[in-house]
Amino acid sequence: MDIRITTVGDPDYPRVLSLYPGMPEKLYYLGNLPDPEKRSAAIVGARACSAYGRDQARGFAADLARNGVQIISGMALGIDSHAHEGCLSAGGKTFAVLGNGVDICYPRTNRSLYRRILESGGGILSEFPPGTEAAPYHFPLRNRIISALSDLVLIVEARAKSGSLITAQYALEQGKDIFAVPGRLNDPLSAGCLSLIRKGAGAALSPSQLLQELGFSADEKGEPAAPPSTSDLTPTARKILHYLSSDPKTLEEIVTASRLPLGEVFKGLLELELKSFTRQSVPGLYVRTYG
Amino acid sequence: MFCSITSTAISGVDALPVYVEADVSEGLPMFNIIGAVSTRTREAADRVKTALRNLKIVLPPKRITINLSPGDVRKEGTRYDLPIAAAVLAALDRIPKESLEGTLVLGELHLDGRIEQVPGILPSILTARDLGLKTALVPAANYAEAKAAQALDVVGLASLQDLIDYCSDGRRPENLPAGDAPLSEEEDAEDFSDIRGQESVKRACLIAAAGFHNLLLSGPPGSGKSMAARRLPGILPALTKEERLEVSRIYSVAGLLTAAHPVIQKRPFRAPHHLLSPQALVGGGRSPVPGEITLSHRGVLFLDELPEMPGRNLEFLRQPLEDRFIQISRIGRSVIFPCNFLLVAAMNPCPCGYYPDLNRCTCTERDIRNYTARISQPILDRIDLRTEVPALDYDALHAGGQDKITSAMLKTQVEKAFACQKERYLDMPIAFNSELSARDIPRFCPLSAEAGRLLEAAYTAMALSARGYHRILRIARTIADLDGDDLIRESHISEAVHFRQHS
């Protein structure tokens, strides 16, 4: 695949970029550029995210993508990657704006994601010439492009001092709609999002809410994935499910909280895992799966 | 003027007979030791000469030749001081030669004639018995250990003068530590009831002990991983008499038996530091001595901070974990040490140790992945069980006191499972469920219809590997044994799926 270049004034140079000051003269890209006729949403957040953040990023990305919204993010570890993954899983197009040359896959562990973004008709973009290595000061810079390319910016998880808040700052300057996924008050990974909401960002409560913001009317919205029904679970499994949340829990904690015998908990957990109500975020730690 | 005394050399955990021959003849005065002796052993000449002189025994100006036979066995250490002194005294007719016939002699000398203890007494006594010897002269400090073998008439000697007294008129030193302490199980000071809560951890320990499955404990610092591991030997069935002797032999060769504990009664628990050298771990040295894996034979080897252990060390564990013995080869010889141990490994969930507590954990996703990836796959393949050890909350800590699950209760269950396995593997070269090979699993792990369906569902839904599948069956076999069930049932599978080591 050839690396292509688009310069200010070229017909394919994203029109939205020319609206804002400080945008690059040249953009290097692999694959495609975002379709200007379609709506775009940026989903960004913490690299070290929680299981909750992972599920939300994937869920929002998938539901938006199902309605034809292009997902733009930075292909960093954590929320960014999960946003791309969520979009790909729904068959959508997703675009990654990198802080290094487009010929370099950084972080390297995302090589499979990098490949699939291109294979699915999305694109890898960068203002840095091919061969440029990632440098810490590149990442805040590329955030202004992520925000500029999008119609709205969704922050899923961010600590109090987070790079995602820089994206939000650009979005503010560029007059974009900013949304944050609310979290819990004492969760450090939600501190950034909650403070954004306090400062007036929208609280992202559901994908359909964002779709409305993007101008989709209620009847245009695709059916969001229905939450799996708990009706055919055994009573034990349902009881255990009650004690599971997005906070990873060890077996010990589940046993203590539910006061069920150890043997029952094994049965219930396996049933929940096989029916995809829970998964192990790392071996031995159970989190509830949402959506 | 020739005399020959029987002694031993140590090779692995066995003793080989060595004959110490002394000849006194006319010629230039000299004192020569020959017969594949190491430098350290050759130093015996000066110690023996000085010790004799300090007893007012002056060697005549003659040519004294000491030969340690057979010549193809390398002689190491200081164990030949006493037999050399005895052989010289007999050759000089200072003591009657007949007094040392059929007698094993071992010991190191001080310059003033005091006798110092030497390692490897227990296997030496057993070898002497096989050679048909009747008496053993050993250092007083080794008296208890020599007696514990219950094989020979043992004489403990505190000094060279004691040797002369014994040989001249049969006088024996008195007031030596008895060493015939009853071979009873000592009370375990550490009990599982010291650990409050942590029911799942105790359950994992029980399964590990019952099927001799290697176990990985993961949890934040201070959650009680070491505490649990330390209590594992206490729930394994008591060592049989043969096993005690087998383990004591190892400790004897390593020089770790004391007069107070002349026989190993309890299952060993070894917890070496993770930065120990490979030689200290698996055994080694020019004259190979047992390493930690052999010292934990029939007991528990606890490796804390497994990801911090240099990868090279871990690689050395591969073969011993597979074969349950280790062969150490040196030029011209090789020794085999047994090492049938239960491996308990512990790790923090992430480099800082606090994941998933995001208020305290400062690690990135990649840090966590890299940390776990430090443990090599072949080692993980040998670990069947894994469990999380969560940090204790305040209530559990504050309650103090004893938990209702005691080591004695767990031990009874383990003994039951051991009995099941003993019967099942009567005509097999294996002893425990953890040793079941893929080929034997269908024969020994019959599944109930529901259990079969559940396992199939789990296999598909969790994308298990063949290795994961066999691992679940091995653990389920042990859980069924704990229940006294021949058939593996649904509940056994669901528990095994949880405790399996994911890799």
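Above this text you will find the structure in question.
In short, a report on the structure. Quick caveat, the model's predicted, so the values are computed rather than measured. All residue numbers refer to position in the chain's written sequence, counted from 1. Ligands are numbered from 1 and chains lettered from A, in the order in which they are written. Two thresholds apply to this predicted model, a pLDDT of at least 70 for residue-level local features and 80 or more for giving and counting side-chain atom pairs, whereas whole-chain, interface and lining totals are computed over all residues. Values reported for side chains reflect all heavy atoms of the structure, with hydrogen atoms and water molecules removed beforehand.

1. A closer look at the environment of Pro307(B)
All names here are of chain B.
Piece 1. Strands here are runs of E lasting at least two residues and helices are runs of H or I lasting at least four, both read from the DSSP assignment and numbered beginning at the N terminus. Within the element layout of this structure, Pro307 appears in the loop between strand 14 (300–303) and helix 12 (311–323).
Piece 2. Only protein chains enter the accessibility calculation, which uses a 1.4 Å probe. A residue is then buried if its area is under 20% of the maximum for its type, exposed if over 50%, and partly exposed in between. What makes Pro307 buried here is its relative accessible area of 3%.
Piece 3. Sequence-distant contacts of Pro307, defined by excluding residues within four places in its chain, comprise Ala346, Met347, Tyr371, Arg374 and Ile375. Here, residues are in contact when the closest pair of their heavy atoms is within 4.5 Å.

2. Observations regarding the interface of chain A and chain B
Piece 1. Of the residues lining the interface, 28 residues belong to chain A; the matching set on chain B comes to 31 residues.
Piece 2. Buried area: the sum, over both parts, of the accessible surface (1.4 Å probe) that disappears when the two are put together. In total, chain A and chain B occlude about 2,500 Å² of area from one another, counting both sides; carbon and sulfur atoms represent 68% of this.
Piece 3. Salt bridges are defined by distance alone: a side-chain nitrogen of Lys or Arg within 4 Å of a carboxyl oxygen of Asp or Glu. Viewed at the interface, chain B and chain A are joined by zero salt bridges.
Piece 4. N or O atoms closer than or at 3.5 Å make up a polar contact, with two conditions inside protein: a donor-capable atom paired with an acceptor-capable one, and, for residues adjacent in sequence, both atoms drawn from side chains. There are four residue pairs in polar contact (both at pLDDT 80 or more) connecting chain A and chain B.
Piece 5. Among the secondary structure elements, those contributing two or more residues to the side of chain A that touches chain B are helix 10 (251–258), helix 11 (262–274), strand 11 (278–282) and strand 12 (285–288) of chain A.
Piece 6. Take the side of chain A that touches chain B: its biggest share by element is six residues, from helix 11 of chain A.
Piece 7. Residue classes follow a fixed rule: Ala, Val, Leu, Ile, Met, Phe, Trp, Tyr, Cys and Pro count as nonpolar, while Asp, Glu, Lys and Arg count as charged, and any other residue, Gly among them, counts as polar. In terms of residue class, the side of chain A that touches chain B is made up of 16 nonpolar, seven polar and five charged.

3. Here we look at the side chain of Ser218(B)
Piece 1. Checked against the element boundaries, Ser218(B) lands in strand 10 (residues 215–218).
Piece 2. In terms of polar contacts, Ser218(B) uses its side chain to reach the side chain of Glu388(B), at 3.4 Å.

4. Quick notes on the packing of aromatic side chains
Residue and element names in this part refer to chain B.
Piece 1. In this scheme Phe, Tyr and Trp rings, the latter by its six-membered ring, pair at centre separations within 6.5 Å, and the angle between planes marks the pair as stacked below 30 degrees, edge-to-face above 60, and tilted otherwise. A full pass over the atoms with the stated rule returns seven aromatic pairs over all chains.
Piece 2. Their ring planes at 25° and their centres at 6.1 Å tell us that Phe269 and Phe302 sit as a pair that is stacked. One end of the pair, Phe269, is in strand 11 (residues 269–270); the other, Phe302, is in strand 14, and 33 residues separate them in sequence.
Piece 3. When the centroid spacing of 5.2 Å and the interplanar angle of 80° are considered together, the rings of Tyr425 and Phe444 count as edge-to-face. Taken together, the residues span a long stretch of sequence, with Tyr425 in the loop between helix 16 (407–424) and helix 17 (441–444) and Phe444 in helix 17 at a distance of 19 residues.
Piece 4. Judged by its relative accessible area of 3%, Tyr425 is buried.
Piece 5. For Phe444, a relative accessible area of 8% translates into the label buried.
Piece 6. Members of the aromatic cluster, each reached through a chain of ring pairs, are Phe212, Phe418 and Phe432.

5. Focus: the pattern of salt bridges
Piece 1. Tallied over the full model, the rule gives 36 salt bridges over all chains.
Piece 2. In this structure, Arg279(A) engages Asp55(A) in a salt bridge whose closest nitrogen and oxygen atoms are separated by 3.0 Å. Of the two residues, Arg279(A) is situated in strand 11 and Asp55(A) in helix 2 (residues 51–66); the sequence distance between them amounts to 224 residues. As far as the burial class goes, Arg279(A) and Asp55(A) line up, both buried.
Piece 3. Taking the shortest distance from any N to any O, the salt bridge between Arg74(B) and Glu76(B) comes out at 2.9 Å.
Piece 4. With relative accessibility at 31%, the residue Arg74(B) sits in the partly exposed group.

No statement about biological role is implied by the geometric values presented.
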